[in-house]
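Overview (structure and organization)
Letter by letter, the chains look like this.
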Amino acid sequence: MGLRKDLRKNILELGTGLINWLEIVPENYIYRGGINQKNFQEVLSSNIPLIPHGVNLSIGTAPDEGHRVAYDKYLLEGLKNLFTQIQPPWFSDHISCTRINSIYLQDLIPVPRTFEAVEVVANNIKFLQDYFQLPFLIENPSYYSDLIEPELNEADFINKILASSDCGLLLDVNNVFVNASNHGYSALDFIDSLDLERVVQVHIAGHLENYKCWINNKVLGILDTHGHPIRKEVYDLLAYVASKTEIKATLLERDSNFEDFEAIVQELKTIELIL
Amino acid sequence: MSKLYQVQQEILNYLLNRSTDFKLLSKDSRDELDIYKSLILNSAEKLLASGFQHSHILLKSQWRDIIKLYLENFPSYSPIYFMISKNFTEFIKSDLFQKNFSYPDYLGELVELEWTKIELLNSNEDQKNKSSILNPVYKILKFNYPITSIIAYLADTTISLEDKVTTEVEADSENLFVYRDTASLQIKTFLLSESVIEVIKYLEQGLSPEEITGLLCNTENSGQISQIQQELFYLLENLKKLNILIKY
């Protein structure tokens, strides 16, 4: 599971039966003292392995002219200290752009699927792998716009980044379902087109249907929320991926609606049965 | 300049309403980006309402416009929560905020207190100040309004939102010791008189009760000296109980 403030007690009480590792958003555990640090130490002392999954490394950001990469030194230093402490087997982030001109956008903005973007993303990943001396995984993000005319389809874009940067894949099967539904393609064909030998980790989550954008009143088919029950079709995609490749770690992503923890535990049990 | 770089500049300009001139992003793409605009606003609204909950009560009807203007003009250069909150505090103090929104005169002080609580809750300064006899994580804030009473009023669920927003509050100065309790690690506050502030300053310098008494006494009347000693004794005992004084 993902370690979230509101789930920490439940997770620690549940112990290491169903949950045998935890994913953390590392940005939430750096440069902090007090109760947050104490709670984190409590999790560390439980000896459950922690794996960082970032949202702000912004591997899709094009660097300024004359620069090799576009990174936030303060963030990277904080993460390096954290990684030294938790010794993760790998770390990951999304193929997205969350920072432009040093401004954090607080959301996962898609990266145009161009050959140039492949080069930029791969270059950024190589820099991160070198800086942290750890294997890196890219996650296929959900996206609601192509932004500009794509030069590559989604699977080719991901495969080229994987090959150019020699990194692993964190395959989010909910994102596959969301994108396939919103953009009208076959989720299974998409999975079959990926270089599945690169899959290390899998994410599974729930989503919201018919999100109405309050700015322009347009309705989006599916919004990736991580706050709703997992649909059968998404479980089926997990089973499909598991039948095709070896998965080292599977994560139930839940970022809101924690009240019914028993229902979350049931989802974990379903995942365990599938695997 | 690369095409990807230019596209991302246009994305930034669109999301932050900085330009209406777009060469690479089509009208359809910009419409699709509205989903991201809405999600960014939704999450910032929620995030800041949780940290600035009393200010949020006061500004509820204007909150979306406030957050929108904040994101457009005071964008965050850090993904770290307390730095985003600090940025928001600066926005509330800015002319831009003051020109565009209606708010009570005490809002700036209320926001200052809410920000201080966030800052101290997350502070890792205790690692640096281990030698202090005072609680290592604290700030003394001086207000022109009775902020403690204002917070209690705003938190009172029996009072209507309309009353909370429209009730005028008269200026009445207040000094507050805001600190992180060494046992619970929660943020607490303690009202200070001017004379207690003076004692705290002496304690910061590591002075003993005798030295502090000596400095507080400008009389040779032994009766007054013993009264000051007694009052200081009670004060120090109280500060110990509150985990404000930790090594005395």
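The paragraphs below set out a description of the structure included in this document. (Residues numbered from 1 in each chain as written. Chains lettered and ligands numbered in written order. Predicted model: local features only at pLDDT ≥ 70, side-chain atom pairs only at ≥ 80, totals over all residues. Heavy atoms only, no water.)

Digging into the sheet that holds strand E7 (residues 168-172) of chain A
Residue and element names in this part refer to chain A. Basically, it comes down to this: Two strands form a pair only when DSSP identifies at least two bridges running between them. Helical segments are the DSSP runs of H or I of at least four residues, strand segments are the runs of E of at least two, and each set is numbered from the N terminus. For every element, the axis is a line fit to its C-alpha atoms; helices are fit only across the contacting stretch, and the angle between N-to-C directions ranges from 0 to 180 degrees. Here, residues are in contact when the closest pair of their heavy atoms is within 4.5 Å.
Overall, parallel pairing links the five strands, which are arranged E3-E6-E7-E8-E11 in an open sheet. Whereas interior strands pair on both sides, the edge strands pair on one side only; in this sheet they are strand E3 (91-94) and strand E11 (249-252). With direction set aside, neighbouring strand axes in the sheet form an average angle of 25°. For E3 and strand E6 (residues 136-139), the ladder comprises four bridges, and the chain directions are parallel. For His-94, the partnering residue across the bridge sits in E6 and is Glu-139. Of the strands in this sheet, E7, strand E8 (199-204) and E11 touch helix H8 (residues 232-244), which is tilted by about 170° from E8. Packing of helix H9 (residues 261-274) onto the sheet brings it into contact with E8 and E11, and relative to E11 it is tilted by some 155°.

Considerations on the packing of helix H2 (residues 27-51) of chain B against helix H4 (residues 63-73) of chain B
All names here are of chain B. For clarity, the cut-off: With respect to orientation, any angle under 35 degrees is reported as roughly parallel, any angle over 145 as roughly antiparallel, any angle of 65 to 115 as roughly perpendicular, and every other angle as oblique.
Contact geometry for H2 and H4: axes closest at 10 Å, N-to-C directions at 105°. The angle between H2 and H4 falls in the class roughly perpendicular. Residues Ile-40, Leu-41, Asn-42, Ala-44, Glu-45, Leu-48 and Ala-49 of H2 form the contact with H4, whose own contacting residues are Trp-63, Arg-64, Ile-67, Lys-68, Tyr-70 and Leu-71.

A look at the interface of chain B and chain A
The line we're drawing: Every case where a carboxyl oxygen of Asp or Glu lies within 4 Å of a side-chain nitrogen of Lys or Arg is listed as a salt bridge.
Listed as interface residues are 47 residues of chain B and, on the opposing side, 51 residues of chain A. Taken together, the connections running from chain B to chain A amount to one salt bridge. Between Lys-218 of chain A and Asp-31 of chain B there is a salt bridge; the shortest N-O distance is 3.0 Å. Where the side of chain B that touches chain A is concerned, the elements lending two or more residues are helix H1 (3-15), H2, helix H5 (81-93) and helix H7 (107-122) of chain B. Per-element tally for the side of chain B that touches chain A: the top contributor is H2 of chain B, with 14 residues.

Description of the sheet that holds strand E1 (residues 138-143) of chain B
All names here are of chain B. Strand order in this open sheet of three strands is E1-E2-E3, and the pairing throughout is antiparallel. Strands at the two margins of the open sheet, each flanked by one partner only, are E1 and strand E3 (187-192). On average, adjacent strands in this sheet sit at an angle of 25° to one another, irrespective of strand direction. Across six bridges, strand E2 (residues 174-180) lies against E3 in antiparallel orientation. Along E3, the bridge assignment pairs Tyr-179 with Lys-188. Packing against the sheet, helix H10 (residues 194-204) makes contact with E1, E2 and E3, and its axis sits at approximately 150° to E1.

Describing the packing of aromatic side chains
Each aromatic ring pair is described using two quantities: the centre-to-centre distance and the angle formed by the ring planes. What counts here: Pairs were defined over the aromatic rings of Phe, Tyr and Trp, the Trp ring being its six-membered one, requiring ring centres within 6.5 Å. Orientation was assigned from the angle between planes: stacked under 30 degrees, edge-to-face over 60, tilted for the rest. We call a residue buried when its accessible area falls under 20% of the maximum for its residue type, exposed when it is over 50%, and partly exposed in between, using a 1.4 Å probe and counting protein chains only. Here, a charge over a ring means that NZ of Lys or CZ of Arg falls within 6 Å of the ring centre while also lying within 35 degrees of the ring normal.
Summed over all chains, the structure comprises 25 aromatic pairs over all chains. Relative to Tyr-74 of chain A, the ring of Tyr-31 of chain A has its centre 4.0 Å away and its plane inclined at 0°; by these criteria the two rings are stacked. Residue Tyr-31 of chain A is found in the loop between strand E1 (22-24) and helix H2 (34-45), and its partner Tyr-74 of chain A is found in helix H3 (residues 73-86); the two are separated by 43 residues along the sequence. Exposure remark for Tyr-74 of chain A: the relative accessible area of 37% places this residue in the partly exposed category. Note on Phe-83 of chain A and Phe-91 of chain A: the rings are 5.4 Å apart at their centroids and 55° apart in plane angle, and the pair reads as tilted. One exposure class covers both Phe-83 of chain A and Phe-91 of chain A, and it is buried. Taken together through their ring pairs, the aromatic side chains of Phe-52, Trp-63, Tyr-70, Phe-74, Phe-88, Phe-91, Phe-97, Phe-101 and Tyr-103 of chain B make up a single cluster. The ring of Tyr-131 of chain A carries the charged tip of Lys-80 of chain A above its face, separated from the ring centre by 4.2 Å. Over the ring of Trp-214 of chain A we find Arg-64 of chain B; its NZ or CZ atom is 3.6 Å from the centre of that ring.

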